[in-house]
Amino acid sequence: VAQETLKGGVSADVTLIELKLGDGSLKRCVLRAHGQTHCGHPPELEFQLLSALHDFGLPVARPLAFSAGEESDGVRCVLSEYAEGSTAISAAEADTRIDAMAWQLAAIHTAPTHALPDLPKRTDPQPELLTFLPDTTDWAPVRKRIAHLGPQPFDGPLSLLHGDYWPANIVWQDDRIAAVIDWEDAALGDPLSDVACAQLELRYVFGPWGAERFLKAYAQHRDVDPVRLAWWQAYVAAAGAKSMGEWGLDPDRVATMRAIAHESVREAAGVFSG
């Protein structure tokens, strides 16, 4: 009976839809239509993943239907229940919410993987990291050190990864996480890749304090190898710096974030390259 366009990622058109059910009640749902630049999971896999996560008891919006877009005019999309709440984190509530984010991510990383659909693996940051770094003279020493160190395969048990764990994908009701949304980049692999992603995004908003607060809280629940974390910190920062110009952000904001990302890469490289 009504619909409203929501803010979503650059690769999906997100619409809030209010449906009138047979008994006259109203139900709010979210339709995520895959855009032309979508590079995440196909609708069927996303639906299967969300169904499994919901069955596990993780805070995800229950999926209702999907379309693979096989018809000539079909739309590739997933329909889910709407998670009521807000993604905002104010400075006054940052400490408690960052701690809750860390606890929730640790819970995701301990979720069973046997019933999940076939997800891609994310286990070695080194090869792609080399492709993300700027190909300029000033970055040549960093590139040389990373290339010299070679592949860094993960040898631990594979964990469920969200793939894009940051404040905009956490829906809050009061101080409770009501839902973790946007699982289109989910994978199996090294859990520290998620930790590095969350740290960088929190650094953009709250500075180094936010990143360190998150790490300290996460480390209360799971072990953290600082060298391995540094590899993923470099990976996510270099990847973000390379692609953030395509995110539709204000140019000044992009410049600030890119400077932070490049600083993060250099700091991390100092850890894992000695």
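Residues numbered from 1 in each chain as written. Predicted model: local features only at pLDDT ≥ 70, side-chain atom pairs only at ≥ 80, totals over all residues. Heavy atoms only, no water.

With that settled, the discussion passes to the side chain of R32. Here R32 shows up in strand β3 (residues 26-34). If sequence neighbours within four positions are ignored, R32 has contacts with A12, D13, V14, E46, R76, C77, V78, D182 and E184. (Helix = DSSP H or I, 4+ residues; strand = E, 2+ residues; numbered from the N terminus. Contact = heavy atoms within 4.5 Å.)

The phi dihedral of D174 falls on the positive side, at around 60°, and the residue is not glycine. Structurally, the position occupied by D174 is in the loop between β8 (170-173) and β9 (176-180). Take D174: its relative accessible area is 69%, and that puts it in the exposed class. At D182, a position not held by glycine, the phi torsion is positive, near 60°. (Buried < 20%, exposed > 50% of the residue type's maximum accessible area, 1.4 Å probe, protein only.)

Time to look at the sheet that holds strand β10 (residues 187-189). Pairing in this open sheet of 3 strands is mixed, and the strands run β6-β10-β7 from one edge to the other. This sheet does not close on itself; its edge strands, each paired only once, are β6 (121-122) and β7 (159-161). With 2 bridges connecting them, β6 and β10 associate as parallel partners. Note on β10: the bridge partner recorded for K121 is L188. (Pairing = 2+ DSSP bridges.)

The final tally for this structure, using the stated rule, is 13 salt bridges. Across the pair R32 and E184 runs a salt bridge, and its minimum N-O distance is 2.5 Å. With R32 in strand β3 and E184 in the loop between β9 and β10, this pair connects stretches of sequence that are 152 residues apart. Residue R32 is classed as buried on the basis of its relative accessible area, which comes to 9%. Notably, a salt bridge pairs D99 with R213, separated by 2.6 Å at the nearest N-O pair. Taken together, the residues span a long stretch of sequence, with D99 in helix α2 (residues 94-109) and R213 in helix α6 (residues 208-218) at a distance of 114 residues. Each of the salt bridges in this network shares a partner with another, and the network as a whole consists of R32, E46, D182 and E184. (Salt bridge = Lys/Arg side-chain N within 4 Å of Asp/Glu carboxyl O.)

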